[in-house]
Amino acid sequence: MARAFLDRPAGAALALLVFALLVRMRDFGNPVAHVDEQYYLLVGDRILHGARLYIDLWDRKPPGLFLLFAGFRLLPGDGFLAYQLVGTACVGLTGWLIWLAARRMALPPPAGLAAGAAYILWLPLLSGGSGQSPVFYNLAMTAAALLTFQLPRLAERRAIGAIIASGALACLLAGVAIQIKYTPLVEGAFFGLAHLWYLWRARANMPAIAVAALLWMALGLLPTGLVVLHFWWNGPQAFDAFWFANFTSITLRRGYPAAKIVGRLAGIGGQLLPLIACAVLAWRKGPRDPALTLARIWLAFALVAFAMIGAFFDHYALPLVAPLAIAAAPAFAMGRKPVIAVFAIGAGLFVLHAVTNDPSEGDGIRRMARTMAAIDGRECPYVFAGDSSLYHLSGGCVPTAYAFPSSLAYEAERGAIGVDETAEVAAILARRPPAIVTLDEPFSPWNTATQRLIAEALARDYRPVMAVPREGRREMLYVRRDRLGSLPR
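Residues numbered from 1 in each chain as written. Predicted model: local features only at pLDDT ≥ 70, side-chain atom pairs only at ≥ 80, totals over all residues. Heavy atoms only, no water.

The helix and strand inventory of the chain stands at 21 helices and 4 strands. For a compact globule of 489 residues, the expected C-alpha radius of gyration is about 23 Å, and the chain comes in at 24 Å, within 12% of that figure. By principal-axis analysis of the C-alpha atoms, the chain measures approximately 75 × 50 × 45 Å. The buried share of the chain, reckoned over its 489 residues, is 54%. When contacts within the chain are restricted to residue pairs at least 6 apart in sequence, long-range pairs at least 24 apart make up 77% of them. Charge centroids of the chain, computed over 44 positive and 31 negative side chains, lie 9 Å from each other. (Helix = DSSP H or I, 4+ residues; strand = E, 2+ residues; numbered from the N terminus. Rg over C-alpha atoms; globule rule 2.2 N^0.38 Å. Buried < 20%, exposed > 50% of the residue type's maximum accessible area, 1.4 Å probe, protein only. Contact = heavy atoms within 4.5 Å. Lys, Arg positive; Asp, Glu negative; His and termini not counted. Charge placed at Lys NZ, Arg CZ, Asp CG, Glu CD.)

Structural data, given as structure tokens:
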């Protein structure tokens, strides 16, 4: 009875959604699940209160990501649980699309269920357990891939109109994803090229192919084109700030040491190794299905997008998980051994991550935010290094457009954000923030010039009043000496 229910689309969807809830609920409400997403929420919240993106608050991500997080602030609560619940729904739905992809390849339902569950389980292993951008846009890209997988069947039927409509929707979905992060452009190009190939295979004439190609490119670029038009319409200052942040600054960013890059790649490869092994097994011994070939090509394009940025943080590999899970699905149909092995390893890795990443650290950050709120006196505190969620939780004003801590604190960003970092920190300190937050040890090499300014100001005018644990370090709150009397008792 239960097996029959799980074999149906509704049963698989419900099972994968429940599994996603169980896997991800540990971080529900955690304000420090990841440094990136807490900043996205801060910016989204301040946009709703009139902040100008890239002028009042700066980042490299496209506007669609911040509009998404602004939408989360319209939901009840402080925003953290809202985006985490929506993220969980997106993850469950993406897992279900993977199940559908496996069924389109004529794989048995349990194999598809295992592939969808593998996607859900592996995201937290790569810092995707809360609200990283691929948590949301992987849904759009997997839907576009599912449309692409049906192309061989449509071409056999010479369903030219259906292929054109499929390409239009797939490219539009990729275009939406591009406005959450730019790297899906590479995968979107694959979806468009695949549709062109099968349109030709369906014996469409050249004028139809040319018109379809232009239509698909236009739809893929439409969301970004509308964004560019918006910033151009708002004048040179807005447009120049947008263009520099989105397309110029990344070329100025400094590289990381080779040893660190090798270490990150080794970590990512180790985490993904069980799925890679299953994908290789499926390639060697699995069925020769055209849709499966398309999934493997999608994975190759996703690898190109992964390599483009070059920093190789673990969450940059999140877009690889969906195509890798689909490529591994035939191995799950070969018997119980691959399934047991993959999920035993995955569960072990999940437990290891759970032990080494303590969500209760968020409680300490909330306490620190309450202390900051008590002493700010309508002046702006400054988070030099640490958690930008402190601004959001304390309700404090933000003293700089470069509020993402690494922008001014770390060497990798020196010379890449469009201002003199030392002068910017000096200007912040000249306004004498009532509180300064920093770390006892950095997560990346310090920008020595700005860190020296902070150390001198702390020694001269501030006193440490609180320290909370953060990923093996201590996050320190310093209060200006004349504000010590405002501390809550």
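It is worth spelling out a nonpolar patch on the surface at this point. A cluster of nonpolar side chains, namely Leu172, Val176, Leu222, Leu226, Leu229, Trp232 and Trp233, defines an oily patch on the protein surface of about 760 Å² accessible area. Only α9 (160-178) and α11 (206-233) provide two or more residues apiece to the nonpolar patch. Residue contributions to the nonpolar patch peak at 5 residues, all from α11. Here Val176 shows up in helix α9. Looking at Val176, the relative accessible area reads 43%, which means it is partly exposed. (Patch = residues over 30% accessible without salt bridge, like charges linked within 9 Å, V, L, I, M, F, W, Y side chains within 5 Å. Areas by Shrake-Rupley, 256 points an atom, 1.4 Å probe, with all protein chains shown as cover. Salt bridge = Lys/Arg side-chain N within 4 Å of Asp/Glu carboxyl O.)

Tyr119, Trp122, Phe149, Phe332 and Tyr382 are the most contacted members of the largest nonpolar core, which has 154 residues in total. Tallying contributions element by element places helix α15 (residues 318-332) first for this core, with 12 residues. The contacts of Phe332, once residues within four sequence positions are left out, are Ala111, Ala114, Ala115, Leu275, Cys278, Pro338, Val339 and Val342. (Core = buried A, V, L, I, M, F, W, Y, C linked by side-chain atoms within 4.5 Å.)

Oppositely charged side chains can pair when the atoms bearing their charge come close. What the rule picks out here adds up to 18 salt bridges. With a closest N to O distance of 2.9 Å, Arg73 and Asp45 form a salt bridge. One end of the pair, Arg73, is in the loop between α4 (63-72) and α5 (80-104); the other, Asp45, is in helix α3 (residues 35-48), and 28 residues separate them in sequence. Accessibility classification places Arg73 together with Asp45 in one group, the buried group. Among the ionic contacts, a cluster of salt bridges with common partners joins Glu361, Asp387, Arg470, Glu471 and Glu475.

A few words now on the packing of helix α20 (residues 421-430) against helix α21 (residues 448-461). Each pair of packed helices gets described by two things: the angle between the helix axes and the distance between those axes. It is the contact of α20 with α21, at a shortest axis distance of 8 Å, that shows an interaxial angle of 20 degrees. One element, α20, and the other, α21, form an angle in the roughly parallel class. In this structure, the crossing between α20 and α21 has a hand that is right-handed. Contacts between α20 and α21 involve Glu421, Thr422, Val425, Ala426 and Leu429 on the former and, on the latter, Ala449, Thr450, Leu453, Ile454 and Ala457. (Axes fitted to C-alpha atoms, helices over the stretch in contact; angles between N-to-C directions. Parallel < 35°, antiparallel > 145°, perpendicular 65-115°, else oblique. Left-handed = near helix turned anticlockwise from the far one by under 90°.)

With 20 residues, helix α14 (residues 290-309) extends 30 Å from end C-alpha to end C-alpha; this agrees with the ideal 28 Å at 1.5 Å per step. Inspection of α14 places Ala291, Leu292, Leu294, Ala295, Arg296, Trp298, Leu299, Ala302, Ala305 and Phe306 among the buried residues, and these make up the whole buried set. On its buried face, α14 is in contact with α7 (133-149), α8 (151-156), α10 (184-201), α13 (258-285) and α15. The N-terminus of α14 is capped by Asp289, whose side-chain oxygen sits 2.7 Å from the backbone nitrogen of Ala291. Two residues or fewer after α14 comes Gly310, characterised by a positive phi angle close to 90 degrees. (Expected span 1.5 Å × (residues − 1). Polar contact = N/O pair within 3.5 Å; in protein donor to acceptor, adjacent residues only side chain to side chain.)

A word on the pairing of strand β2 (residues 435-439). Of all the 5 residues making up β2, 5 are buried; the element is thus mostly covered by neighbouring parts of the structure. Alternating residues of β2 divide into Ala435, Val437 and Leu439 and Ile436 and Thr438, and every residue in both groups is buried. As defined by bridge partners, strand β1 (residues 382-383) adjoins β2 across 2 bridges and the pair is classed as parallel. Across the sheet, residue Val383 finds its bridge partner in β2, namely Val437. Pairing of β2 with strand β4 (residues 473-480) involves 5 bridges; the strand directions are antiparallel. Bridge pairing links Leu439 to Glu475 in β4. (Pairing = 2+ DSSP bridges.)

Ordered by their spatial adjacency, 4 strands build an open sheet running β1-β2-β4-β3, and the pairing between neighbours is mixed. Only two strands of the sheet have a single partner each, and these edge strands are β1 and β3 (462-470). Each of β1, β2, β3 and β4 is contacted by α21, which is oriented at about 125 degrees to β3, the strand it contacts most.

Before going further, it helps to examine the packing of aromatic side chains. With the rule as written, the count across this model stands at 32 aromatic pairs. Ring centres of Tyr54 and Phe231 lie 5.7 Å apart, and the angle between their planes is 50 degrees; this geometry places the pair in the tilted category. Of this pair, Tyr54 sits in the loop between α3 and α4 while Phe231 sits in helix α11, placing them 177 residues apart in sequence. Looking at Tyr54, the relative accessible area reads 4%, which means it is buried. Taking the relative accessible area as the measure of exposure, Phe231 reaches 8% and is therefore buried. Centroid distance Phe239 to Trp243: 5.8 Å. Interplanar angle 25 degrees. Geometry classified as stacked. (Phe/Tyr/Trp six-rings, centres within 6.5 Å; stacked < 30°, edge-to-face > 60°.)

Non-glycine residue Ala106 carries a positive phi angle of around 65 degrees. Tracing the backbone shows Ala106 in the loop between α5 and α6 (109-122). The phi dihedral of Arg432 is positive, around 50 degrees, even though this residue is not glycine. With respect to the helices and strands, Arg432 occurs in the loop between α20 and β2. The class for Arg432 is partly exposed, based on a relative accessible area of 38%.

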